[in-house]
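Topology and contacts: notes
Each chain, letter by letter, is given below.
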Amino acid sequence: MKILIVGSGGREHALAWKILQSIKVRQVFVAPGNGGMFHKLPNLTPVNIKATEVEELLAFVLKEKIDLTVVGPENSLSLGICDLFKANGLKVFGPSKAAAQLESSKTFAKEIMQAANVPTAAYKAFKNFQAASEFIERTPWTQMVVKADGLAAGKGVVVCSDKAAAFQAVKDFMLNDILGFKVQDLLIEEFLVGPEVSVFALSDGNNVTFLGTAGDHKRLRDHDQGPNTGGMGVISPSPFFNDGDEEVVMNKIIKPTIAEMKKRGMPFSGVLFAGLMKTPNGYKTLEFNVRFGDPETQALMTLIEDDIVPLFLACAEGVLHNTSIEMSPEKAIHVVMAAHGYPGTEGISVRSGDEITLPIELKSKIFFAGVDRKDGHLLTAGGRVLGLTALADTYEAARAKAYGDVVKINFAGAQFRTDIGVQGLTKEALRG
Ligand code: AMP
Ligand code: GLY
């Protein structure tokens, strides 16, 4: 098979690494990819088309006779890349534009959850500033979460510790346009507490297979301090996901969601990534994503023992059987190293062009993201630069292995957390 991967981050590097191992594969292309992944995986073929240039991607796939396209980023999905490819008789791993609303519209996701009886935070939806602010005045809640509809690149959610903060958030979204657009639809929801668990499942629109779990670390600095980021590291499987949780989450959250989407004539195929909170009253759904997580994928792919290509193909062809996926019994820790200034929200801009030096040997797997290659040198290209995934029998051993490599990698201004997986471990240990 000839396979095209769409996207350019560490997630796509991990997908490419896994897909290249498939016995079914003859050639793997990535559009546009990054200089680091092509340096690390010389068998990979770069394609100079951006992930959002869906018409150009279609022309390339038709010309090259690509057998399967695997889509990484959400914005390509929301642009309808899968609809376009399917209409041209092509096989593609990912959901339709309509099904991608599970991520692109928070009000749509809530509507599906309600219809399917999926546990989620109590909420109210608002279409205007007046109604939202009256609600804030009236509600018995003191803490609450304000969520703007639409793709806000992680900036659309404000956790508010009092009514004044909630009022300000609504004003910022609906009147001050701080997201760069006027928020038309907004949710205010109940504040929940508990550890967050990300659950991944594959679906062909009809059948569903559990893939695995992970715990992301969204804040820039140790002890969950500093600004929000795309994710600074991952622990997988989630230490909070106990025996028996898979059955509960699949039966109460994942399967009812897939069934509701099918019932509405917008079957979901691809990977469903559910952001859950494990509250004292059970798992509640915070959000859905309709794609693989970054950097969750850099941990998940290293734990999957099965060939991934037949699974992706089965999703694309609508023939996914309810078989379980073989996973390594090991634990994975993934640590991200980000560029100077990342995420660019603290008054300094994100720097590019710092040279990256790597040791000859690493004990963990390296996945490149914001990296350019120039005259044989690897240079930072902003954002999350790279990440290291280590596997071991215990979380502690995996952490030691990953951090043993982090200290050997150098680029000016590198930022990384030193506590990936630690919080989870402490809480787990406390629970006995
Ligand atoms: P979301 O994009 O909906 O996942 O929200 C981003 C982050 O905000 C989550 O990862 C949580 O840490 C936090 N969050 C979202 N909803 C709630 C809630 N109802 N209660 C407490 N924290 C929340
Ligand atoms: N790491 C979070 C995400 O990919 O959405």
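Residues numbered from 1 in each chain as written. Chains lettered and ligands numbered in written order. Predicted model: local features only at pLDDT ≥ 70, side-chain atom pairs only at ≥ 80, totals over all residues. Heavy atoms only, no water.

**Some words on the overall build of the protein**
The following threshold applies: By the criteria applied, helices consist of DSSP H or I runs no shorter than four residues and strands consist of E runs no shorter than two, each listed in order from the N terminus. When we talk radius of gyration, it's over C-alpha atoms, and the globule rule is simply 2.2 Å times the number of residues to the 0.38. We call two residues in contact when some of their heavy atoms are within 4.5 Å. Computed by Shrake-Rupley with a 1.4 Å probe, the accessible areas treat only the displayed protein chains as cover when residues are assessed.
Along the protein, the regular secondary structure elements total 14 helices and 21 strands. Taken over the C-alpha trace, the protein has a radius of gyration of 21 Å; the compact-globule value for 432 residues is 22 Å, and the two agree within 12%. Dimensions of the protein, computed from C-alpha atoms along their principal axes, come out at roughly 60 × 45 × 45 Å. Within the protein, residue pairs in contact and separated by at least 24 positions form 68% of the contacts whose partners lie at least 6 positions apart. Surface accessibility of the protein: about 18,300 Å² in total, with carbon and sulfur atoms responsible for 50%.

**Thoughts on the pairing of strand E1 (residues 2-7)**
Keep this limit in mind: With a 1.4 Å probe rolled over the protein chains alone, any residue whose accessible area is under 20% of its type maximum counts as buried; one over 50% counts as exposed, and the rest are partly exposed. Between any two strands, at least two bridges found by DSSP are needed for them to pair. The definition of a right-handed crossover adopted here requires that, viewed with the strands pointing away, the path from the first strand over the helix to the second runs clockwise.
Across the six residues of E1, six count as buried, placing the element largely inside the fold. Burial of E1 is two-sided: the residues Lys2, Leu4 and Val6 facing one way and the residues Ile3, Ile5 and Gly7 facing the other way are all buried. In this sheet, strand E2 (residues 27-32) lies alongside E1 in parallel orientation, the contact comprising six bridges. By the bridge assignment for E2, isoleucine 3 is matched with valine 28. Of the crossover connections in this fold, the one passing from E1 over helix H1 (residues 10-20) to the parallel E2 is right-handed.

**Here we look at the site of ligand 2**
Put simply, the rule is: When we say a residue is near a molecule or strand, we mean one of its heavy atoms is within 4 Å of it. Polar contacts, as counted here, are pairs of nitrogen or oxygen atoms within 3.5 Å of one another; within protein the pair requires one atom able to donate a hydrogen and one able to accept it, and residues that are adjacent in sequence qualify only if both atoms are side-chain atoms. Basically, the charged four are Asp, Glu, Lys and Arg, the nonpolar ten are Ala, Val, Leu, Ile, Met, Phe, Trp, Tyr, Cys and Pro, and anything else, Gly included, counts as polar.
Near ligand 2 the following residues occur: Asp216, Gly230, Phe273, Arg291, Gly293, Asp294, Pro295 and Glu296. In this structure, a nitrogen atom belonging to ligand 2 sits 3.0 Å away from a main-chain N or O atom of glycine 230. Measuring from a nitrogen atom of ligand 2, one finds a backbone N or O atom of aspartate 294 at 2.9 Å. Alone, ligand 2 offers 200 Å² of accessible surface; in the complex the protein occludes 86% of this. Classifying every residue of the shell around ligand 2 by side-chain character gives two nonpolar, two polar and four charged.

**Examining the packing of H1 against helix H11 (residues 296-303)**
Applied cut-off: Convention adopted: a line fitted to C-alpha atoms gives each axis, helices being fitted over their contacting stretch, and angles between N-to-C directions are expressed from 0 to 180 degrees. When describing relative orientation, an angle under 35 degrees is termed roughly parallel and one over 145 degrees roughly antiparallel, while 65 to 115 degrees is termed roughly perpendicular and anything else oblique. Each helix crossing is assigned a hand: it is left-handed if the near helix lies turned anticlockwise from the far helix by less than a right angle, otherwise right-handed if that turn is clockwise.
Running from amino to carboxyl end, H1 crosses H11 at an angle of 15 degrees, the nearest separation of the two axes being 8 Å. With respect to H11, the element H1 is oriented roughly parallel. Here H1 runs over H11; the crossing is left-handed. Together, Gly10, Arg11, Ala14, Leu15, Trp17 and Lys18 of H1 and Thr297, Gln298, Met301 and Thr302 of H11 make up the contact between the two elements.

**Remarks on the environment of proline 256**
By secondary structure assignment, the location of proline 256 is in helix H10 (residues 245-263). A relative accessible area of 18% means that proline 256 is categorised as buried. Sequence separation between proline 256 and methionine 113 is 143 residues; the distance between their C-alpha atoms is 8.4 Å. In this structure proline 256 touches Ala116, Val118, Met250 and Asn251, once residues within four positions along its chain are discounted.

**Let's talk about the site of ligand 1**
Close contacts around ligand 1 come from 15 residues, with Lys147, Glu189, Glu190, Leu192 and Glu196 the closest. Here lysine 147 contributes a side-chain N or O atom positioned 2.8 Å from an oxygen atom of ligand 1. The fraction of the free accessible surface of ligand 1 (470 Å²) that becomes covered by protein chains is 85%. Among the elements of the structure, strand E7 (144-148), strand E8 (157-160), strand E9 (186-190) and strand E16 (282-289) are those that each provide at least two residues to the shell around ligand 1.

**Things to note about the environment of threonine 69**
Tracing the backbone shows threonine 69 in strand E4 (residues 68-71). On the basis of relative accessible area, threonine 69 is assigned to the buried category, the value being 1%. Along the primary structure threonine 69 and isoleucine 253 are separated by 184 residues, whereas in three dimensions their C-alpha atoms are 28 Å apart. Excluding residues that lie within four positions of it along the chain, threonine 69 makes contacts with Leu4, Val6, Val61, Phe85, Lys91, Val92 and Phe93.

**Remarks on the nonpolar core**
Counted only if it meets this: Buried residues of nine kinds, namely Ala, Val, Leu, Ile, Met, Phe, Trp, Tyr and Cys, make up a nonpolar core once their side-chain atoms join them within 4.5 Å.
If you look at the biggest cluster of nonpolar residues, it comprises 50 residues, and the most contacted ones within it are Leu4, Ile81, Leu102 and Ile254. Take this core: its biggest share by element is six residues, from H10. For isoleucine 81, the residues in contact, after removing those within four places along its chain, are Val6, Val54, Leu57, Val71 and Ser76. Residues Leu68, Leu320, Ile325 and Leu391 belong to the second largest nonpolar core, which totals 43 residues.

**Section: the layout of surface pockets**
Over the atoms a probe the size of a water molecule is rolled, and this reveals where empty space is left. Put simply, the rule reads: Only protein atoms enter the 1 Å grid used here. Points where a 1.4 Å probe fits but cannot escape make up a cavity, open sets with protein on both sides within 12 Å along at least five of seven lines make up a pocket, and a residue lines them when an atom lies within 4 Å of a point. Grid points are joined across faces, edges and corners, and a volume is the space filled by probe spheres set on the points.
The computed volume of the second largest pocket comes to approximately 490 Å³. In terms of lining residues, the second largest pocket is bounded by 24 residues, among which Phe210, Thr213, Pro237, Phe241 and Glu246 are the most central. Of all elements in the fold, only strand E11 (208-216) and H11 reach the threshold of two or more residues within the lining of the second largest pocket. Counting residues per element, the lining of the second largest pocket draws most heavily on E11, at four residues.

**Here we look at the sheet that holds strand E14 (residues 233-236)**
A sheet is described by the order of its strands in space; here eight strands give the open sequence E16-E15-E10-E11-E14-E17-E21-E18, paired in antiparallel fashion. Here the strands that pair on one side only, and so sit at the sheet edges, are E16 and strand E18 (365-368). For this sheet the average axis-to-axis angle between neighbouring strands, irrespective of direction, equals 25 degrees. Here strand E17 (residues 331-338) runs beside strand E21 (residues 384-392); their pairing, made up of eight bridges, is antiparallel. Looking at E21, one finds that valine 335 is bridged to leucine 388.

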